Amino acid sequence: MSVDQQGLLAKLVRELVRLPGIGQKSAQRLAFHLLKAEREDAMRLAEAIQAVKDGLSFCRQCRNIAEGELCEFCRDPKRDRSKILVIEEPSTLYAIERAGGYRGLYHVLLGVLSPLDGVGPSDIRAEELLDRVKAGGVEEVIVATNPTIEGEATAIYLTRLLKPHHVRVTRIAYGIPVGMDIEYADEVTLVKSIEGRRDL
Amino acid sequence: MPLVKTAAIVLHSRKWGDADRIVTFYTMRLGKLRGVARGARRLKSRLGGMIEPFTLCQLDLFEKPGDSLYRISQVALDEPFAKFRDDLTLMTAAGRMVNLVSAVMAEGDPEPRVFEMLESGLRTLLESRDAAWTTLLFQIRLLGMTGFRPQTEQCATCGQVHRSPLPQFSPMAGGIVCERCASRQPFRCTALSRGSVAFLHQALHMQPALLNRLHAAGQVRTEVESAIESYVTVVAGRRLPPVDFLTSGSPV
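Cut-offs used in this document
Per chain, residues are indexed from 1 in the order of the written sequence. Here every chain gets a letter starting at A, and every ligand a number starting at 1, in the order they are written. Since the coordinates come from a predicted model, pLDDT governs what is reported: local features require at least 70, and pairs of side-chain atoms require 80 or more to be given and counted, while whole-chain, interface and lining totals use all residues. Calculation of side-chain values draws on the structure's entire complement of heavy atoms; hydrogens and water are dropped beforehand. By the criteria applied, helices consist of DSSP H or I runs no shorter than four residues and strands consist of E runs no shorter than two, each listed in order from the N terminus. Atoms counted for the radius of gyration: C-alpha only. Globule rule: 2.2 Å times residue count to the power 0.38. Only protein chains enter the accessibility calculation, which uses a 1.4 Å probe. A residue is then buried if its area is under 20% of the maximum for its type, exposed if over 50%, and partly exposed in between. All accessible areas in this document rest on Shrake-Rupley with a 1.4 Å probe, and a residue is counted as covered only by the protein chains that are shown. When charges are tallied, Lys and Arg are placed among the positive residues and Asp and Glu among the negative ones, while His and the ends of the chain are skipped. The location of each charge is read from NZ of Lys, CZ of Arg, CG of Asp or CD of Glu. It only takes one pair of heavy atoms within 4.5 Å for two residues to be counted as in contact. Residue ranges assigned to the domains are those given by an automatic or database domain assignment. UniProt positions are given in the numbering used here, feature names are shortened, and annotations may be inferred rather than shown by experiment. One side-chain nitrogen of Lys or Arg within 4 Å of one carboxyl oxygen of Asp or Glu is enough to make a salt bridge. Here a polar contact is recorded for every N or O atom pair within 3.5 Å, except that within protein the pair must consist of a potential hydrogen donor and a potential acceptor, and residues adjacent in sequence are included only if both atoms are side-chain atoms. When residues are grouped by polarity, Ala, Val, Leu, Ile, Met, Phe, Trp, Tyr, Cys and Pro land in nonpolar, Asp, Glu, Lys and Arg in charged, and all others, Gly among them, in polar.

1. Description of the overall build of chain B
In step 1: Scanning chain B from terminus to terminus reveals 6 helices and 8 strands.
In step 2: When the helices and strands of chain B are listed from N to C terminus, the series reads β-β-β-β-β-α-α-α-β-β-α-β-α-α.
In step 3: Computed over the C-alpha atoms, the radius of gyration of chain B is 20 Å, within 12% of the 18 Å expected from 2.2 N^0.38 for a compact globule of 252 residues.
In step 4: Here the C-alpha coordinates of chain B stretch approximately 65 × 45 × 35 Å along the principal axes.
In step 5: Sorting the 252 residues of chain B into buried and exposed places 52% on the buried side.
In step 6: Accessible surface for chain B amounts to roughly 11600 Å². Of this, 50% is attributable to carbon and sulfur atoms.
In step 7: Of note, chain B has its 31 positive side-chain charges centred 3 Å away from the centre of its 23 negative side-chain charges.

2. Some thoughts on the environment of Thr135 of chain B
All names here are of chain B.
In step 1: By the element assignment, Thr135 lies in helix α3 (residues 131-145).
In step 2: Relative accessible area serves as the criterion here: at 0%, Thr135 is assigned to the buried category.
In step 3: Taking C-alpha positions, Thr135 is 7.8 Å from Gly121, a pair spaced 14 residues apart along the chain.
In step 4: When sequence neighbours within four positions are dropped, the list of residues in contact with Thr135 reads Ala93, Arg96, Met97, Leu125 and Val243.

3. Some points on the domain arrangement of chain B
When the parts of a complex come together, some accessible area is lost, and that lost area is often taken as the interface size.
In step 1: According to the domain assignment, chain B contains domain 1 (3-82) and domain 2 (166-236).
In step 2: Taking only C-alpha atoms, the centre of domain 1 of chain B and the centre of domain 2 of chain B are 36 Å apart.

4. Some remarks on the UniProt feature "domain: Toprim" (unreviewed entry) in chain A
In step 1: When the UniProt feature table is mapped onto this chain, "domain: Toprim" (unreviewed entry) is found at residues 82-177 of chain A.
In step 2: For the annotated span residues 82-177 of chain A, helix accounts for 34% and strand for 20% of the residues, and the straight-line distance between the end C-alpha atoms is 28 Å.

5. A look at the interface of chain B and chain A
In step 1: Opposite the 28 residues of chain B that make contact, chain A presents 28 residues.
In step 2: Put simply, chain B and chain A have 1 salt bridge between them.
In step 3: We note a salt bridge from Arg85 of chain B to Glu152 of chain A, for which the minimum N-O separation is 3.7 Å.
In step 4: At the junction of chain B with chain A, the criterion picks out 6 residue pairs in polar contact (both at pLDDT 80 or more).
In step 5: Contributions of two or more residues to the side of chain B that touches chain A are made by β1 (3-16) and α1 (88-104) of chain B.
In step 6: Counting residues per element, the side of chain B that touches chain A draws most heavily on α1 of chain B, which supplies 6 residues.
In step 7: Classifying every residue of the side of chain B that touches chain A by side-chain character gives 14 nonpolar, 7 polar and 7 charged.

Right under this line is the structure:
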């Protein structure tokens, strides 16, 4: 059955289809699920969405998701303020935090340069990063964009942008995942891991 | 679901869903096609590094009836063109080459000569000392081969053999136009010197192997670059990121 007529349910389906990864069929399934669910359950979802939109914004300093002006990491006085780790999206930040081991600050670009799609420096938060470096106190910027063409373009651009300001710019390492057999690694990763070898 | 094996060059790759990628290839056997690489963004996937733009590879694909997307089952690396990843100038120049191929070639219309030209263009770029120039010659050659050859011998609108001392290039008409037709063009034409017209004519008719010996500087280069840029925008239907996209202006 297709919900293609005008009406409240069709309106809900149209809104759900706009979400990433949700097609027409999935949207219809979700809409019917919400229709059949208890009123309290559906309202809890609506309230959660409203609370996120009302209460969350981007951190004034690092552009991470924040409740208030600054995010939890920028507010934390125990974080190492001499290091900034640059990432493409906030979701990466939480993956790094889950791993532990990094105690510095972050900078979220909210995008990535793309020489193929015409996404340029004005479309990402690079100038804000430069302002933070210029403000002083930063000794190292770690570029942790994805190892894709777009991520590499961004890393090279940021290096050229920041180097004249006497800050150490580093790139996260490429290599074989821990616990993996080297023989199953793809050729590109293998070459990169040999190029990026380090002394023991 | 027949299996297809073909040599391919990656034109574009974009994220799809949680961990997949939709990749546009130009292939030797099937021309331009799009395929989905399931799980390519996951750590355990062997596909991720092989389906980055500019990569030359051997593809194993499955065609699914009723679906315009192929399923990418296996990729073997031939040439990663890794140098493009370390140099913004080369990266944007290679980006312009694959973008133009993607713009002028329709899906499912194989043209092995275009595949060979793209491969040779990328290889030439690796050794090039002037990436913008190599890319300009590639664009002129590709336009000439794919049915978009700019008209240089007669007026592209009325067909009259032109003898004007100040030829005009009309991107909408697709070449040189006479003075009378130029005044009727809805969009502005670019004035070309006789030297620029001669250069363009030579570049379009020269044997591909000798093309890289062609050189131009100063006014001729500026005029030809401007004319081809405006013509490519008309042919592609949109402005493609220019060769100096990430390297022009401050601070890079």
